[in-house]
Amino acid sequence: MQRPMKRVLLAAFGLSVALIAGASADPLKITLAGGSVGGAWSAMGAAIGQTIQQQVPGSSFTYEPGVDAANLILVSEGKAQLGIAHAQMALRATKGEAPFKSKITSLRAIALLDPEAVVQIIARKDAPFDSLSQIAKEKKPVRIALNKRGTMMSIAGEQVFAAAGISVKDLASWGGRVEYVAYNDGLDMLKNGQVDIVLNMLAFPSAQVERISHDMAIKLLPVPDAAIAKIDSEAGTKSVTIPAKSYSFETADVKTVTGFVVLYASDKMPDAEAEAITKGLIEHFDYLTKAYPSFARMGKKGLTDVGPIELAPGAKKAYKDAGLL
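Below you will find a few notes about this structure. (Residues numbered from 1 in each chain as written. Predicted model: local features only at pLDDT ≥ 70, side-chain atom pairs only at ≥ 80, totals over all residues. Heavy atoms only, no water.)

Remarks on the overall build of the protein chain
Along its length, the protein chain carries 14 helices and ten strands. Dimensions of the protein chain, computed from C-alpha atoms along their principal axes, come out at roughly 100 × 40 × 30 Å. About 14900 Å² of surface is accessible on the protein chain, with carbon and sulfur atoms providing 55% of the total. If you average the places of the 36 positive and of the 32 negative side-chain charges in the protein chain, the two averages end up 3 Å apart. (Helix = DSSP H or I, 4+ residues; strand = E, 2+ residues; numbered from the N terminus. Areas by Shrake-Rupley, 256 points an atom, 1.4 Å probe, with all protein chains shown as cover. Lys, Arg positive; Asp, Glu negative; His and termini not counted. Charge placed at Lys NZ, Arg CZ, Asp CG, Glu CD.)

Quick word on helix H14 (residues 313-321)
Inspection of H14 places Gly 314, Ala 315, Ala 318 and Tyr 319 among the buried residues, and these make up the whole buried set. Viewed along the axis of H14, the buried residues span an arc of 135 degrees, placing them on a single side of the element. Away from its buried face by more than 90 degrees, H14 exposes Lys 320 and Asp 321. Buried positions along H14 lie against strand E4 (107-124) and helix H11 (271-283). Immediately downstream of H14, the backbone of Gly 323 shows phi near 75 degrees, a positive value. (Buried < 20%, exposed > 50% of the residue type's maximum accessible area, 1.4 Å probe, protein only. Arc of directions from axis to C-beta. Contact = heavy atoms within 4.5 Å.)

Concerning the packing of helix H2 (residues 40-55) against H11
The N-to-C vectors of H2 and H11 enclose an angle of 105 degrees; their axes lie 8 Å apart at closest approach. It follows that H2 is roughly perpendicular to H11 by the angle criterion. Note on element contacts: H11 touches H2 through Ala 276, Ile 277, Lys 279, Gly 280, Leu 281 and Glu 283, opposite Ile 48, Thr 51, Ile 52 and Gln 55. Split by residue class, the contact of H2 with H11 holds five nonpolar, three polar and two charged. (Axes fitted to C-alpha atoms, helices over the stretch in contact; angles between N-to-C directions. Parallel < 35°, antiparallel > 145°, perpendicular 65-115°, else oblique. Nonpolar A, V, L, I, M, F, W, Y, C, P; charged D, E, K, R; others polar.)

It is worth stressing that arrangement in space is one thing and function is another; only the former is reported here.
Right, dumping it as structure tokens:
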């Protein structure tokens, strides 16, 4: 009687374990709001989707193009489970600062994705100016391509130019203009002679910047010291220098500022779901480093450096279990 009973108990125990394991591995249904198709954030988003599906087989993953302010709103409203945004934009959201109409307090961080969202100001090599100070002093009617409205890239661009004495309003009075377009469209406009300057926030050296330097002669414009101090104070960016020869066409150091990019969820995301997503990033980190270079530069522990928005409890547990916190 004991032996059959033992087999029954073992079978029951095995069933319980299987049920628990199954419950923890239930497929996820994730929509991630990122950036424009073909841009850095779309590559990043696709890589995140792969880690989720590798971690929890059978999960569905949808990538939706977007901009970071809208991404944060979608996450807060439960219309997307994950959203990519600059930490500086998320901070604006918590304060209810433009472009947000009210405070968003439900955001929780999952992981740092890119520690180097560096402001890079690209100009035609033959442009009749070498600095933002010269543009302001001589009131040059320059044509500038910023990223789409509602992105930290466009806000930071406006702040950088304004801090250097070049407001959008003043620029228009000088005969210049600002175009708010996707980054790749801005680069095409630069190649076609439709704009003189393109600004974006991205890691360096950027393959996109290096590629366009093979199609046309370009240069990087530094951000003036006084403007760096002002924008760091206003936007929460940090000063950084792009070292000489980071690009084949640039032989001098270039002073500028940097933000960083983070993956966000809502405080309504179940802890088990946030934990599974985070475990996917941790356990498949080697895949991430091959898919997007910034992961290799920051290392696995860098995932936890999310800035002012607190980690989701499930994400925090995953990092602690992995010895990263």
